[in-house]
Amino acid sequence: QRPLSVWRYRELLPVTGEPVTLQEGGTPLYHLKKLGAEMGLPHLYAKHEGMNPSGSFKDRGMTVGVSMAIQLGMKSVACASTGNTSASLAVYGARAGIPAVVLLPAGKVAIGKVAQALMHGAKVISIRGNFDRALEMVHELCLSEGIYLLNSINPYRLEGQKTIGYEVIDQLGEVPDRFVLPVGNAGNISAVYKGLRELESLGFIDHLPKMTGIQAAGSAPVVRAIREGLAVVEAEMSPETVATAIRIGAPVNAEKALVAIRETGGTAEAVTDEEILCMQRDLARKEGIGVEPASAASVAGIRKLAEQGMLDRDETIVCVVTGHLLKDPESVIRQCEPPIEIDADMQSLLAALQR
Ligand SMILES: Cc1ncc(COP(=O)(O)O)c(/C=C/C(=O)C(=O)O)c1O
């Protein structure tokens, strides 16, 4: 009996040799009893992808992507990133023993992710521009220098990310009615959809969940395309959100996300930064689940859809929470009361507890 992990599903993955692995996947599926009860949703779950080796779901894509880089004889790897992709590429590049170059939008990457990319030995370049510009530049760099590009336009990354859906079905023992993901570059929602389509064509499942994409209100090109019935997603030229992981104006997998949502009767919704941060605190304080802001967007989106009466109360809903709380400690310090500092005597301590 194989453990719950990415490579449990190796027959559905393209790697033929020994994978570059850190035992990624096998992440917990938590029942959100309290938050679900508040929303009138008794079957609400969170798949905590922050419990991967580098603290986000990106490890699922990188274990396959970097394994393929080795299999294809590539000598170095690169990506542009809002942070988690770069952290994960640094980790798996180190594991594989090949150099990694990462391009980050200057001043817009959570400190935990920068720390990981630096400590794991990537060449970290900070671009004075946004993620979309960094992606253009890394694409050009890889073409001219023969470096292997591992952004989510690389299909091997999405192959690994398919396994999120596989694990959820193994854990639930059924196909959930609805699968909710935060959407930035739209690689993850597209990957999960592709994987479930494959299970259906192999006869393992007979229907798909409603694929539901949640974006930040200040960076929601996919939501707009769904609302306006567009065939092509129009870029948001100046994406802005506290959820820097999904601060992406021109999602490279946008049209795949439209297919995933439309083919399954799903939907897309936008949530404000306040709704995101409120849900981040609720998940931490009511369920003991610590996630970074972008990850809380998926559950915040469900709360919004429930308030709008868009959900059946008996739906089994799985929200993917994509990154660990520790990735973005500065967003915590900004929104929480600071520690109470006192003199080291019991009187001061007892007084502080009364405040
Ligand atoms: C925590 C977290 N939650 C959600 C997303 C959105 O996933 P996609 O819709 O597949 O892009 C990201 C994406 C991050 C990057 O795109 C990057 O790291 O460069 C993330 O880090």
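Please read all numbers here as calculations on a predicted model, not as lab measurements.

1. A look at the overall build of the protein chain
Inference 1: For the protein chain, the helix and strand inventory stands at 14 helices and 10 strands.
Inference 2: Against the compact-globule benchmark of 20 Å for 355 residues, the protein chain has a radius of gyration of 20 Å, which places it among compact chains.
Inference 3: By its C-alpha atoms, the protein chain is 65 × 50 × 45 Å across when sized along the principal axes.
Inference 4: A buried classification covers 57% of the 355 residues belonging to the protein chain.
Inference 5: Once local pairs closer than 6 in sequence are excluded, the contacts in the protein chain between residues at least 24 apart make up 72%.

2. Description of unusual backbone geometry
Inference 1: A positive phi angle, close to 55°, is found at Gln23, a residue other than glycine.
Inference 2: The topology assignment puts Gln23 in the segment before strand E1 (29-31).
Inference 3: Gln23 sits in the exposed class, given a relative accessible area of 73%.
Inference 4: In this structure, Ala186 is a non-glycine residue whose phi angle is positive, near 70°.
Inference 5: Inspection of the secondary structure puts Ala186 in the loop between strand E7 (178-182) and helix H8 (187-201).

3. A short note on the packing of helix H2 (residues 58-71) against helix H3 (residues 84-96)
Inference 1: Packing of H2 against H3 brings their axes to within 9 Å, and their N-to-C directions diverge by 45°. Taken together, the axes of H2 and H3 lie oblique to each other. Crossing angle aside, the handedness with which H2 passes H3 is right-handed. Between H2, through Lys58, Asp59, Met62, Thr63, Val66 and Ile70, and H3, the contact on the second element is made entirely by Asn84, Thr85, Ser88, Leu89, Tyr92 and Ala96.

4. Quick look at the sheet that holds E1
Inference 1: Pairing is mixed across the open sheet formed by six strands, whose spatial order is E1-E2-E10-E7-E8-E9. Edge positions in the sheet fall to E1 and strand E9 (267-271), since each has one partner strand and no second. Along the sheet, successive strands turn relative to each other by an average axial angle of 25°, direction set aside.
Inference 2: In terms of strand pairing, E7 meets strand E10 (residues 317-321) through three bridges, oriented parallel. Following the sheet pairing, Arg178 is matched in E10 by Ile317.
Inference 3: The sheet contacts of helix H12 (residues 293-307) involve strand E2 (44-48), E7, strand E8 (210-216), E9 and E10, and relative to E10 the element is tilted by about 150°.

5. Examining the confidence of the model for the protein chain
Interpretation of the predicted coordinates at a detailed level should be avoided for regions scoring low in pLDDT.
Inference 1: Summary statistics for the protein chain give a mean pLDDT of 97 and a share of 100% for residues scoring 70 or more.
Inference 2: Among the scores for the predicted complex, ipTM is 0.99 and pTM is 0.97.

6. Quick look at helix H9 (residues 221-228)
Inference 1: When we look at burial in H9, the residues that qualify are Pro221, Val222, Val223, Ala225 and Ile226.
Inference 2: The inward-facing, buried residues of H9 abut E8, helix H10 (254-263) and E9.
Inference 3: Downstream of H9 by one or two residues, Gly229 has phi in the positive range, about 65°.

7. Details of the sheet that holds strand E6 (residues 148-149)
Strands pair in a sheet through their backbones, by hydrogen bonds, and they do so in one of two ways: parallel or antiparallel.
Inference 1: Spatial ordering of the open sheet is given by E5-E4-E3-E6, a layout of four strands whose pairing is parallel. Where the open sheet ends on each side, the last strands, each with one partner, are strand E5 (123-127) and E6.
Inference 2: Judged from the five bridges that link them, strand E4 (residues 100-105) and E5 form a sheet pairing that is parallel. Of the residues in E5, the one forming a bridge with Leu104 is Ser126.
Inference 3: Its contacts with the sheet put H3 on strand E3 (77-80) and E4, and the angle it makes with E3 is roughly 165°.

8. Structural notes on the site of the ligand
Inference 1: The immediate surroundings of the ligand are formed by 21 residues, with Thr85, Gly184, Asn185, Asn188 and Thr322 found nearest.
Inference 2: At 3.4 Å from an oxygen atom of the ligand is found a side-chain nitrogen or oxygen belonging to Lys58.
Inference 3: In this structure, Ser81 approaches the ligand through a side-chain N or O atom, which is 3.1 Å from an oxygen atom.
Inference 4: Coverage of the ligand by the protein amounts to 99% of the 480 Å² it exposes when considered alone.
Inference 5: Elements with a minimum of two residues in the shell around the ligand: H3, H8 and H12.

Criteria and thresholds
Residues numbered from 1 in each chain as written. Predicted model: local features only at pLDDT ≥ 70, side-chain atom pairs only at ≥ 80, totals over all residues. Heavy atoms only, no water. Helix = DSSP H or I, 4+ residues; strand = E, 2+ residues; numbered from the N terminus. Rg over C-alpha atoms; globule rule 2.2 N^0.38 Å. Buried < 20%, exposed > 50% of the residue type's maximum accessible area, 1.4 Å probe, protein only. Contact = heavy atoms within 4.5 Å. Axes fitted to C-alpha atoms, helices over the stretch in contact; angles between N-to-C directions. Parallel < 35°, antiparallel > 145°, perpendicular 65-115°, else oblique. Left-handed = near helix turned anticlockwise from the far one by under 90°. Pairing = 2+ DSSP bridges. pLDDT = per-residue confidence, 0-100. Near = heavy atom within 4 Å. Polar contact = N/O pair within 3.5 Å; in protein donor to acceptor, adjacent residues only side chain to side chain. Areas by Shrake-Rupley, 256 points an atom, 1.4 Å probe, with all protein chains shown as cover.

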